[in-house]
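Coordinate inspection notes
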Amino acid sequence: MVTKEVDVAIIGAGSAGMAAALRTKEMGIDNIIMVERAEYPGGLLRQCIHNGFGLQYFKQDLTGPEYAERFIKKLASMGTPICLNTMVTHLYPDRSIIAINPELGEFKISPRAVVLAMGCRERTRASLGIPGSRPSGIFTAGLAQKLVNVDGYLPGEEFVILGSGDIGMIMARRLLLEGATVKAVVEIMPHVGGLIRNEVQCLHDFEIPLLLEHTVIEIYGDRRLEGVKVARVDKGEVVKGSERDISCDTLLLSVGLVPENELSREADVLLDDATGGPVIDEFMQTTIEGIFAAGNVLQVYDLVDNVTLAGEKAGENAARYVEGTLRKQPTEIEVIAGENVRSVTPHKIVGLEGAELALRVKQLVENAEIVVGNKRRRYRAISPTEVMKINLSPSDLAQFWESGKISVSCQRRQTEEVYE
Amino acid sequence: MNREIICIMCPLGCRMVIGVEEAAILHVKGNKCKEGLEYAQQETSFPGRVLTTTIKTTIPEVPLLPVRSEKPIPKDQLENCMEVIARHMVTKPIIKAGDIVISRILGLDAHIISCATIGEGVSHEG
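The written sequence of each chain sets the order in which its residues are numbered from 1. Chain letters and ligand numbers both follow the written order, the letters beginning at A and the numbers at 1. Only residues with pLDDT of at least 70 are given local features in this predicted model, and only at 80 or more are side-chain atom pairs given and counted; all residues enter the totals for whole chains, interfaces and linings.

Here's the deal with the domain arrangement of chain B
Each domain's extent is set by a domain assignment, obtained either automatically or from a database. Along its sequence, chain B is carved into domain 1 (2-45) and domain 2 (52-119). Computed over C-alpha atoms, the centres of domain 1 of chain B and domain 2 of chain B are 32 Å apart.

See the structure below:
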């Protein structure tokens, strides 16, 4: 078996992986390898043809392909090749990688540091357990997005979309513009799962019916989907008498994303149940030395801009690890998700350079305040759909080394004040 | 005339009622901050959206080219633009991101431009 000895191996050439590779290279580490199982780089961005990307990172409103191309071009100009059509089959705790592709067959990579950038995948019908028959015509929203936007197939004529995550709402508009009928977007919560902007510009603009506090309780059809039964849901219970049938030939599921961590598990990387991704420190290093993680494999982000920034941080620290310039303290500060915080990364702080926390809240809070240690930041509103970032300087953290703990919480403020 | 709109400036999504007469706003109710006023102003004077879609190509490996309107186009023209785009086919062997694919679609002040470089212009092989 061929063995490639490299300084840094990056698994995945989506937005996190590309940013990590660029930054590693900028740090002066040239011997890197990027592996990508798809036949093109860019990951999800290629099929996300809508705009709204890059508003923070580039201060421009870009489409997914435009955002990706900026990184693809830069990688090419820096002479960083991407091993496309290459599937990583194993990752071991000693960081060695087994991969396979059509040119080399099975080969081994022996890296000094690894960046995990495998992204996430969609939840499927199986994870919802919807009863009924098993006809064709049931797709995850992201798969339908690839079929419509990259391959050029419209997978049906009359659609029902279950779940109002951003991809679901964006697909509702996309399908309608491509001439299909969208009979309903069905959401179990009393509000949409994605951004308000998408509710307005994808659903309201096109008068697509939105059924809040509803879900699909049965699927009909012999060979092809013929319809679904929807019902109102109140406090987790189906409301009797509210059931009705909607005929459709295609059901899209936009019911959440799961970080893709099979390789991380094989390498004994400890995972966090709240994020679904690796437990990390502020350098993006996992619990296995020399293995770093960034992007949606770590936690499902709201904006690609944040994924890029996380990728850069992981790439930079992987390079520093190789150079031997990552300095850890003998003790650490555990970061604890307190009141109304669903998840927070990093999970621990191990160095003296400060840290940037990224957190998601459980409930929408108006007139909100995030409290970390002695630091308070105020916001008009914080929603579970956003990843909030808080910077902690070395001095913000200084007094927490003794207890080894810092807690972050989000609460409603009692008095009106100036917002940040 | 009163219209109800939802503000998209922050996660609160304030439901606002705006009184409009001949594209001039008379009053706005329901907004919790001044950003709501600005949004109401913008949605009343020019309710435009950037149109993003795809155009068929003659390149077998890349059957679709992602495209966008260079700037927002009036909301009520989106579906008409889609009909024009559906009839269009890109026949050039190389297209670069930013190239004009359809100039001044429907006579509007906006070109349809390419969002990607396809054809011989780009190589990902390493």
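That shown, we press on.
Some details on the interface of chain A and chain B
The contact criterion used is a C-beta to C-beta distance within 7 Å, with each C-beta placed from the backbone. With 32 residues of chain A at the contact, the number on the chain B side is 27 residues. Secondary-structure elements contributing two or more residues to the side of chain A that touches chain B are α2 (64-77), β5 (82-83), α4 (141-151), α6 (196-203) and β26 (375-382) of chain A. Residues belonging to the side of chain A that touches chain B are distributed by class as follows: 15 nonpolar, eight polar and nine charged. In this text, helices come from DSSP runs of H or I with a minimum length of four residues, and strands from runs of E with a minimum of two, each type numbered from the N-terminal end. Polarity classes work like this: nonpolar for Ala, Val, Leu, Ile, Met, Phe, Trp, Tyr, Cys and Pro, charged for Asp, Glu, Lys and Arg, and polar for all others, with Gly in that last group.

Quick word on the sheet that holds strand β10 (residues 138-140) of chain A
All names here are of chain A. Two strands qualify as a pair provided that DSSP identifies no fewer than 2 bridges between them. The five strands lie next to each other as β10-β18-β11-β12-β13, forming an open sheet whose pairing is parallel. Two strands close off the open sheet at either side, each with one partner strand: β10 and β13 (210-212). Each adjacent strand pair in this sheet contributes to an overall mean axis angle of 20°, direction not counted. Bridge count between β10 and strand β18 (residues 250-253): three bridges; the pairing is parallel. Paired with Ile138 across the two strands is Leu251, which belongs to β18. Contacts from helix α5 (residues 166-177) reach β11 (158-162), β12 (181-187) and β18 within the one sheet, and its direction differs from that of β12 by about 170°. With axes taken as lines fitted to C-alpha atoms, and helix axes fitted only over the stretch in contact, angles between N-to-C directions fall between 0 and 180 degrees.

Side note on the packing of α4 of chain A against α5 of chain A
Residue and element names in this part refer to chain A. It is at 9 Å that the axes of α4 and α5 come closest, and there the two elements cross at 35°. Crossing of α4 over α5 shows left-handed handedness. Facing α4, whose interface residues are Ala141, Gly142, Ala144, Gln145 and Val148, α5 presents Ile167, Gly168, Met171 and Arg174. The sense of a crossing depends on the near helix, which, turned anticlockwise from the far helix by less than a right angle, makes the crossing left-handed and, turned clockwise, makes it right-handed.

Description of the confidence of the model for chain B
Per-residue confidence from the prediction method is given by pLDDT, with values spanning 0 to 100. On average, residues of chain B score 88 in pLDDT, and 94% of them reach the 70 mark or higher. With pLDDT under 50 throughout, residues 121-126 of chain B is counted as low confidence; its partners more than four residues away or in other chains account for eleven contacts.

Let's talk about the sheet that holds strand β8 (residues 89-90) of chain B
Residue and element names in this part refer to chain B. If you walk across this open sheet you meet the five strands as β8-β5-β6-β11-β10, and the pairing is mixed. If you trace the sheet from one side to the other, it starts and ends with β8 and β10 (100-102), each paired once. When strand β5 (residues 52-57) meets β8, the two strands line up parallel, connected through two bridges. Directly across from Thr57, in β8, lies its bridge partner Val90.

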